[in-house]
Structures are given as structure tokens and as C-alpha cells.
Amino acid sequence: MPDFQPRRPLRALFVHQNFPGQYAHLAPALAARTGVQVWGVGEKPGYAAPGVRYVSYGPPRGAGEQTHRYIRPLEGAVRRGQQLANRLVQLRDQEGLKPDIIVCHPGWGEGLFLKDVFPRARTLYYWEFYYNAFGQDLGFDPAQGVSLDDAARVRVLNATQLISLQAADWGVSPTRWQWSRYPDWARRRMTCLHEGVDTVRCAPREGAVFRTPEGREFRRGDPVISYVARNLEPYRGFPSFMQALAIMQKERRDLHAVVVGGDEVSYGRKPEGAASWKERILAEMEGRLDLSRIHFTGRVPHDALHQLFRVTAAHVYLTYPFVLSWSMLESMACGAVVVGSDTPPVAEAITHGENGLLVPFFEPEAIARSVLGVLADPAGHAPLAAAARRSIVDRYDLRSVCLPRQLELVERLAAGLDPEPEAET
């Protein structure tokens, strides 16, 4: 039982540009509680879940071409925030929407004007990443220096978050490292709390099979490795992985690699002289790779991704010091041996030699040697996979760890109480 009296009736509004986003479990779970009414708002129509009344606000107009390029993200966020605010005014005046608490991901601008529409509502915002010119993603690649233009652009890039921080009563950040990127004055009103991993859905399965688009099947015990990213790009170590793969293919003629990800750019710069980073890297490495043993799948359904994690001999996850991908945590929950980059987001979840292996991001030879070591001794590395799953269950499990804490946080804020700030140590 909570040590406070939950507010009832409770009216909650969840806002996310790509709803439900991080609230896929939290919004329905809160709606299932007696005396709670939940609304969800996002850009696109089509969402449905028990107990959640969902409405869309439609795509806003983007920034103008004459706008200074530093300010274009802010102008786009303001236009989005304004469009959402106008839609919420309609719902407030015509349908009686009057939330007691608003839970919002403000990264695209939705959090800018919520307090102006609902000044009495408590607000809980999701703080994903605070940009800095030094010490994280920008300048991480030693081949790319940080110019004054880069530093200035990144400073202005935080404008939407800084305005939204003033409107937030409290916030959550999914990992300790991501939380640590925010200014000290902002961290005092944040809880470090991950959205959680469904370790029932993400679990080892006997007899798992992964099928490639061309019909090739892989099972546990096959010499197959995996690499997964939303898009194949430098931020997620795609060039390093492909260079390492060339080394691995020379030594293991039976090795296959499944590469999951799209050809767009999610983060960082677009490649020069090529339509995608995949096209550029393959052109640069022409003649060094056996493409018949590399299976580029594009993006795959979530369940298929879990099947891949269940059969892979080693899962390679590389990232700049940036947002930690949920795919890495899910691969660990599925029982994969992860060979991950020794960068802060990864090192927060993986301790080298205990529940995975850490390798230097920019050293393809070291990546290759680590993966080849796993392939050469699957039984000897099985304890790493078991420990990886245990660590996810203990620290990130959706039902026993993260979701109960999320629900308590929402209920506590709605009742007018603030949590204790995170300790700085």
C-alpha cells in the first residue's frame, strides 16, 4: 500500500508525438485502476488500448526556409506545441478534458504550452537527452572536430527542452548516464527510471527460428551473429561493425551476419556522395566482404527481432555516448551474449566479463576478436548470457521493477507530492 492517499477520481493525459512511445505500458496500466480516466494524444490516428481515449492533433507545419538553421528545430517545436495546444483547448472546451496530471515526452515541442492550457495540472516530463558540445556524442569520433558552429548549434538545440523544463513539475530520465547529462539544477527534479523491459515476452525460447526475407533460416547453435539499429549509421557503429565483419569472415568461412536496420539517418550527418551509410560503407569495402553471408533485412517486426536475439551466437551493439537503445536490453533479456561498445550508456548495463563483453568502439580488430572468441567457445560464454538475462530481470523488468515505480510516481505527483531527488553520487 502507498504511504499516501491516491487522488480519486484521477484524470490523466498522456502526450507523445509518436504515441504511445514510452507510455505503451504505463497508460493502459493506469487506466485499469479504479477511478482513473486516461486520455492519450499524439500526432497520428490509429492507436487503441483498453481504457485509453485517444485523439490525434495532426502533423504541424515545419519551420520556414528563411529561418536561421540553428532555430529551425525550435520553430518546428513551437509550431507543433501550438497545434497541440489548440487541439487541447478544443477538447477542454467541447469535451470537458481537465487533467489532474499530464505525462509528456517534450522532445518535439508538445510540452511547451501544456501549463498554459491546463495551469493547475501537475506535469511529468520524459527527459531523454540533453545536448552538450563536449563529453558525449558530438566530437566522439576523433576524425570529426567540434567547431564553433557545431557548439553554437548544439547550445541552441536545447532551447525547446529548457523552456519545457520550466513547465515541468517533475521528470524522468531512463538511464543514470542520460540523467547525468542534464544541468545540476534540472536534475534536482528528475527521477532515473527506465520504461522497462517485458522479460516475459523477451525471453529465451527452445526451438526458436529466425527467417531472413529471402527465406534463410537460423537456429540456436548456428554460426550467426547479429547487429541491430533503427538505421545503419555511424552513431550506432555501423562502419566499425562492417570493418570487424570483414575480419571475421576471413577467419570463419561458415559465419553469417544478420544486419537489421533502415537506410535513413536518425542521428548525425548524412553521408557525402551516397544515398545512405550502407551504400557508402559497402562501396568503400568493395571486394572485402562476402555479401552472400550478410543478410540485410531492413527493419523487421518486433517478434522477429526477439527470434533473432534467441538464435544469435553473439549480438554486437555499438553506440556513441548517446541514448541507449532498448534493443540491447531486449537482446540481453532474450539470452544473447552481447559484445558492446565500451561507452557510458552500454557500460551502465554491462559489466565486462560478468554479463557481457565490452570493446573499444573504434577498434574493428578488437570487436572481431571478441566476437570470434564467443563463436569459438559457446559453452564457455553461456554464463554471460544467463547473467545478462538476470541483470535485466533484476534492474529493468517491466512488471516487477519499472512499471510499479512509474505508477507510484504518477500517483504521488497527482496527489501533490514530489519524490526525493536522485542522489548525485
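Residues numbered from 1 in each chain as written. Predicted model: local features only at pLDDT ≥ 70, side-chain atom pairs only at ≥ 80, totals over all residues. Heavy atoms only, no water.

Draft legend 1. Structural detail: the overall build of the protein. Within the protein, the regular secondary structure consists of 15 helices and 15 strands. Computed over the C-alpha atoms, the radius of gyration of the protein is 23 Å, within 12% of the 22 Å expected from 2.2 N^0.38 for a compact globule of 425 residues. The dimensions of the protein, computed from C-alpha atoms along their principal axes, are 65 × 55 × 45 Å. Counting the 425 residues in the protein, one finds 54% classified as buried. Taking as baseline every contact in the protein between residues at least 6 positions apart, the subset at least 24 positions apart corresponds to 67%. Element-wise, carbon and sulfur atoms account for 50% of the exposed surface of the protein, whose accessible area totals about 19,000 Å². Charged side chains of the protein number 50 positive and 48 negative; the gap between the two group centres comes to 4 Å. (Helix = DSSP H or I, 4+ residues; strand = E, 2+ residues; numbered from the N terminus. Rg over C-alpha atoms; globule rule 2.2 N^0.38 Å. Buried < 20%, exposed > 50% of the residue type's maximum accessible area, 1.4 Å probe, protein only. Contact = heavy atoms within 4.5 Å. Areas by Shrake-Rupley, 256 points an atom, 1.4 Å probe, with all protein chains shown as cover. Lys, Arg positive; Asp, Glu negative; His and termini not counted. Charge placed at Lys NZ, Arg CZ, Asp CG, Glu CD.)

Draft legend 2. View of the sheet that holds strand β10 (residues 224-231). Pairing within the open sheet is parallel, and its six strands lie in the order β12-β11-β10-β13-β14-β15. Every other strand in the sheet has two partners, leaving β12 (294-298) and β15 (357-359) as the edge strands with one partner each. Neighbour to neighbour, the strand axes of the sheet diverge by 20° on average, direction disregarded. Relative to strand β14 (residues 338-341), strand β13 (residues 314-317) runs parallel, the two being bridged by three bridges. Within β14, the residue paired with Y317 across the bridge is G340. (Pairing = 2+ DSSP bridges. Axes fitted to C-alpha atoms, helices over the stretch in contact; angles between N-to-C directions.)

Draft legend 3. The nonpolar core, seen in detail. In terms of nonpolar packing, the biggest core is built from 41 residues, with I225, F241, M242, L245, M248 and V371 touching the most fellow members. When contributions to this core are tallied by element, the ones reaching two or more residues are β10, α8 (238-251), β11 (256-262), β13, β15, α13 (364-376) and α14 (378-396). For this core, the element with the most residues is α8, which contributes seven residues. The residues touching M248, leaving out its near neighbours within four places in the chain, are I225, L255, A368, V371 and L372. Formed by 29 residues, the second largest nonpolar core is a distinct cluster that contains Y47, V52, Y54 and W170. (Core = buried A, V, L, I, M, F, W, Y, C linked by side-chain atoms within 4.5 Å.)

Draft legend 4. Looking closely at the pattern of salt bridges. All chains considered together, the criterion is met by 27 salt bridges. R219 serves as the salt-bridge partner of E217, at 3.0 Å between the closest nitrogen and oxygen. Residue E217 is classed as partly exposed on the basis of its relative accessible area of 29%. Residue class for R219 comes out partly exposed when judged on its relative accessible area of 40%. Between R293 and D290 there is a salt bridge; the shortest N-O distance is 2.9 Å. One connected set of salt bridges, linked through shared partners, spans K115, R122, D169 and D418. (Salt bridge = Lys/Arg side-chain N within 4 Å of Asp/Glu carboxyl O.)

Draft legend 5. Up close: helix α10 (residues 302-311). For α10, the full list of buried residues reads L305, H306, L308, F309, R310 and V311. In this fold, the buried residues of α10 make contact with β8 (209-211), β9 (217-219), β10, β11, β13 and α11 (326-333).

Draft legend 6. The arrangement of the sheet that holds strand β4 (residues 101-104) in detail. Read from one edge of the open sheet, seven strands run β3-β2-β1-β4-β5-β6-β7, paired in parallel fashion. The sheet terminates laterally at β3 (52-56) and β7 (190-192), the two strands that pair on one side only. Adjacent strand axes in the sheet meet at a mean angle of 20°, parallel and antiparallel pairs treated alike. In terms of strand pairing, strand β1 (residues 10-15) meets β4 through four bridges, oriented parallel. Considered in β4, the bridge of A12 is made with I101.

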